[in-house]
Amino acid sequence: MAILNFGSLNIDYTYAVDHFVTAGETLASTNLVVNAGGKGLNQSLALAKAGAPVKHAGMVGEDGRFLVELLQDEGVNTELLHISDTVRSGNAIIQTDPSGENCILLYGGANQAIEETYVDEVFSHMEQGDWILLQNEISCLDYIISSAIRNGLRLILNPSPVTPELLRYDLSGVDLLVLNEIEAAAIAEVDSDLDPAALAQAVRKRLPHPTVVLTLGRRGSIYLGDDIEAHQDAFTVDAVDTTGAGDTFTGYLLAGLMRGDTPAQSMRNAAAASAIAVTRHGAAPSIPNRAEVEEFLRKVAQ
Ligand code: RIB
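Residues numbered from 1 in each chain as written. Predicted model: local features only at pLDDT ≥ 70, side-chain atom pairs only at ≥ 80, totals over all residues. Heavy atoms only, no water.

The number of helices and strands found in the protein chain is ten helices and 14 strands. Taking 302 residues into account, the globule formula puts the C-alpha radius of gyration at 19 Å, and the protein chain, at 18 Å, falls close to it. Projected onto its principal axes, the C-alpha positions of the protein chain cover 50 × 50 × 40 Å. The buried share of the protein chain, reckoned over its 302 residues, is 53%. Taking all contacts inside the protein chain whose residues are at least 6 apart in sequence as the whole, residues at least 24 apart take part in 62%. As presented, the protein chain carries roughly 13,300 Å² of accessible surface, and 48% of it is formed by carbon and sulfur atoms. (Helix = DSSP H or I, 4+ residues; strand = E, 2+ residues; numbered from the N terminus. Rg over C-alpha atoms; globule rule 2.2 N^0.38 Å. Buried < 20%, exposed > 50% of the residue type's maximum accessible area, 1.4 Å probe, protein only. Contact = heavy atoms within 4.5 Å. Areas by Shrake-Rupley, 256 points an atom, 1.4 Å probe, with all protein chains shown as cover.)

Next up, the structure:
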């Protein structure tokens, strides 16, 4: 069984800075790197590198052909992906500071040119019970969500970035939510300072019982399902760039769950993969393959 990831693809322009630029300031960066990115693309790559069969639907412009080729090189099926000759690809202007933190400015481009006719075309290739993964960086997301539910798909949502529009969508059919504390608090309409376990519970109370995976950065992650609860600590590493670490976590987590690993095993692999990712620069280029994750876990077990 393959998972369909209907998601964004970006060209990431990553600038290294001493501090994030502030209003009215002109700041010289110390480095610029141009890489593949986008939450959708990153998550598809992570899924594929973790060994999962994955199809990617979404849209790029002619300038984004290299993004499609990158996915193909990693074994992602891109037959449903559309290359537009009228819009340019999405991009992200990313600043990274010396502590590895980032701030991101998005230009949606082709990601925001997705329309219902294309969505219908993609869904004509789906079958009841198939898995679908979504983030919040493409247009028509509410239509995609309702189409997924109508077609009886298992729906996994990473509600990132969380927006006022997303909070108005009907998320009652979501089966699995992978989200951070800010996103959880927004969806559950509670304070993000709430104890993490209570925050995960609050999301489950707000929606009709999705499984919730709450990511907590350096404090690890929590898995909360109907009859299972698991906590995974984060591995301690020297972070240089956290961009794409959450996407790496999501891809590895789902790949594990798809192949029947326990939630605890899947979270451990995902935590290891994202720990490796933060020790590397960039989003897509930082995602490790499965052998690297296994090697990392062998070393920490010694
Ligand atoms: O999650 C990281 C990603 O967010 C970057 O690759 C950037 O493109 C934005 O979509």
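The subject of this paragraph is the packing of aromatic side chains. Two aromatic rings, taken as a pair, are described by how far apart their centres are and by the angle between their planes. Counted according to the given criterion, the structure contains two aromatic pairs. On the numbers, 5.7 Å between centres and 80° between planes, the contact of Phe6 with Tyr118 is edge-to-face. Pair noted here: Phe6 is in strand β1 (residues 3-6) and Tyr118 is in helix α3 (residues 116-123), with a separation of 112 residues, a long-range link. Here Phe6 matches Tyr118 in class, with each residue buried. Taking the ring centre of Trp131 as reference, the NZ or CZ of Arg154 above it sits at 5.0 Å. (Phe/Tyr/Trp six-rings, centres within 6.5 Å; stacked < 30°, edge-to-face > 60°. Lys NZ or Arg CZ within 6 Å of the ring centre and 35° of its normal.)

Among all positions in helix α7 (residues 196-206), only Pro196, Leu199, Ala200, Ala202, Val203 and Arg204 are buried. Buried residues along α7 sit against β11 (176-180), α6 (181-188), β12 (211-215) and β13 (221-224).

The next thing to look at is the site of the ligand. Taken together, 13 residues surround the ligand, and among them Asp12, Gly38, Lys39, Glu137 and Asp247 come closest. Within the contact set of the ligand, an oxygen atom lies 2.6 Å away from a side-chain nitrogen or oxygen of Asp12. Coverage of the ligand by the protein amounts to 96% of the 280 Å² it exposes when considered alone. For the shell around the ligand, the secondary-structure elements that each account for two or more residues are β2 (10-16), α1 (39-49) and β8 (102-107). For the shell around the ligand, a count of residues per class yields four nonpolar, five polar and four charged. (Near = heavy atom within 4 Å. Polar contact = N/O pair within 3.5 Å; in protein donor to acceptor, adjacent residues only side chain to side chain. Nonpolar A, V, L, I, M, F, W, Y, C, P; charged D, E, K, R; others polar.)

Along strand β9 (residues 131-134), one buried face is formed by Trp131 and Leu133 and the opposite face, lined by Ile132 and Leu134, is buried too. Here β1 pairs with β9 via four bridges, running parallel. Across the sheet, residue Phe6 finds its bridge partner in β9, namely Leu134. Pairing geometry for β9 and strand β10 (residues 154-157), over four bridges, is parallel. Residue pairing for β10: Trp131 is matched across the bridge by Arg154. After leaving β9, the chain enters helix α4 (residues 141-150) and then returns to the sheet as β10, a path that is right-handed. (Pairing = 2+ DSSP bridges. Right-handed = clockwise from strand over helix to strand, strands pointing away.)

In this structure, the second largest pocket occupies an estimated 200 Å³ of space. Contributing to the lining of the second largest pocket are 17 residues, with Gln112, Asn136, Glu137, Ile138 and Ser139 lying nearest its centre. If you list the elements that add at least two residues to the lining of the second largest pocket, you get β8 and α4. Residues belonging to the lining of the second largest pocket are distributed by class as follows: seven nonpolar, seven polar and three charged. (1 Å grid on protein atoms, 1.4 Å probe; cavity = no way out; pocket = protein on both sides within 12 Å on 5 of 7 lines; lining within 4 Å. Points joined across faces, edges and corners; volume = space filled by probe spheres on them.)

Glancing now at the packing of α3 against α4. The N-to-C vectors of α3 and α4 enclose an angle of 30°; their axes lie 10 Å apart at closest approach. Classified by the angle their axes make, α3 and α4 are roughly parallel. Once α3 is placed against α4, the crossing between them reads as right-handed. Residues Glu116, Val119, Asp120 and Phe123 of α3 lie in contact with α4, whose contacting residues are Tyr143, Ile144, Ser147 and Ala148. Here the residues of the contact of α3 with α4 sort into five nonpolar, one polar and two charged. (Axes fitted to C-alpha atoms, helices over the stretch in contact; angles between N-to-C directions. Parallel < 35°, antiparallel > 145°, perpendicular 65-115°, else oblique. Left-handed = near helix turned anticlockwise from the far one by under 90°.)

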